[in-house]
Amino acid sequence: ITKLEDLDHLDDEYDWSLKLNGDRALMGIVEKQVFFANRHGSWFKHPIANSAVFCSKLKGAWLFDGEVFGKNFYPFELVDSPNGSLTNACPSVRAASAREVCKVLKVDWLFGTSETLKKEAMNCVLELRAKPYEGVVGKLKGSRYVPLGSASRESNAWVKRKWVD
């Protein structure tokens, strides 16, 4: 993606959101204990600064997918909660559920929505490589949740479009 107009040509079969330039992570909370794993299945070696916000206020078992950026975790999808699994829910439902949890916990939502992407991405597109974003990610509408299992495994349902010079 090189200019703002390119956002008008993103495939409508996908739900699009901003892509943080962070480290993909799964965050699990079980009875006030928090666990972070990277997308390769290894445990995170660095402390996550805002993990206490999640584990102090969420009861039961929770699983989020998201990005670690600036030592904080920002969930982009809620995968499981005491209300049940969302693995079979479409990406927009998982994202909306994560966004609601972030709102309650007062954790910034950094991913935008398909509806507001053009407006929210304007400064990023104009600056191209400005942090915290590296582009956009599209998730096939109606697709179920499948975590990445390795560094080389890509999802058939997710596509990334990075800013280019």
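This report concerns the structure included in the present document. Remember, it's a predicted structure, so these values are computed and weren't measured experimentally.

Cut-offs applied
Residues numbered from 1 in each chain as written. Predicted model: local features only at pLDDT ≥ 70, side-chain atom pairs only at ≥ 80, totals over all residues. Heavy atoms only, no water. Helix = DSSP H or I, 4+ residues; strand = E, 2+ residues; numbered from the N terminus. Buried < 20%, exposed > 50% of the residue type's maximum accessible area, 1.4 Å probe, protein only. Contact = heavy atoms within 4.5 Å. Areas by Shrake-Rupley, 256 points an atom, 1.4 Å probe, with all protein chains shown as cover. Phe/Tyr/Trp six-rings, centres within 6.5 Å; stacked < 30°, edge-to-face > 60°. Lys NZ or Arg CZ within 6 Å of the ring centre and 35° of its normal. Core = buried A, V, L, I, M, F, W, Y, C linked by side-chain atoms within 4.5 Å. Pairing = 2+ DSSP bridges. Polar contact = N/O pair within 3.5 Å; in protein donor to acceptor, adjacent residues only side chain to side chain.

Our focus in this paragraph is the overall build of the chain. Within the chain, the regular secondary structure consists of 3 helices and 8 strands. Tracing the chain from N to C terminus, the helices and strands come up as β-β-β-α-β-β-β-α-α-β-β. The proportion of buried residues among the 165 residues of the chain is 46%. The contacts in the chain between residues at least 6 apart in sequence include a share of 64% that link residues at least 24 apart. Accessible area for the chain stands at about 9100 Å²; split by element, carbon and sulfur atoms hold 53% of it.

In this section: the packing of aromatic side chains. Per the counting criterion, the structure on display carries 10 aromatic pairs. A centroid spacing of 6.1 Å and a plane angle of 50° characterise the contact between phenylalanine 35 and tryptophan 43, whose relative ring orientation is tilted. Classification of phenylalanine 35 by relative accessible area gives partly exposed; the value is 36%. Residue tryptophan 43 is classed as exposed on the basis of its relative accessible area, which comes to 57%. Following the ring pairs from residue to residue traces out a cluster consisting of Phe36, Phe44, Phe54, Trp62, Phe64 and Phe73. Sitting over the face of the ring of tryptophan 109, arginine 99 holds its NZ or CZ atom 5.3 Å from the ring centroid. The ring of tryptophan 158 is capped by lysine 139, whose NZ or CZ atom sits 4.3 Å from the centre of that ring.

Burial of nonpolar side chains together is a common tendency in soluble globular proteins. Core analysis: the biggest nonpolar cluster contains 37 residues, and Ile29, Phe54, Leu58, Phe64 and Phe73 have the highest contact counts within it. Going through the elements one at a time, β1 (14-20), β2 (23-30), α1 (51-57), β4 (61-69), β5 (72-81), α2 (91-105), β7 (133-140) and β8 (158-162) are the ones with two or more residues in this core. In this structure, isoleucine 29 is in contact with Val34, Phe54, Cys55, Leu58, Gly60, Ala61, Trp62 and Phe64, ignoring residues within four places of it in sequence.

Pairing geometry for β2 and strand β3 (residues 33-38), over 6 bridges, is antiparallel. By the bridge assignment, isoleucine 29 is partnered in β3 with valine 34. Where β2 folds back on β3, the antiparallel hairpin that results is connected by 2 residues, among which glutamate 31 adopts a positive phi of roughly 45°.

Here we take up unusual backbone geometry. The backbone phi angle of lysine 32 is positive, close to 75°, even though this residue is not glycine. Here lysine 32 falls in the partly exposed class, since its relative accessible area comes to 39%.

With that settled, the discussion passes to the side chain of glutamate 67. On the secondary structure map, glutamate 67 appears in strand β4. Residue classification places glutamate 67 among the buried residues on the basis of a relative accessible area of 3%. Among the polar contacts made by the side chain of glutamate 67, one reaches the main-chain amide nitrogen of glycine 22 at a distance of 3.4 Å. A distance of 3.3 Å separates the side chain of glutamate 67 from the backbone nitrogen of aspartate 23, its partner in a polar contact.

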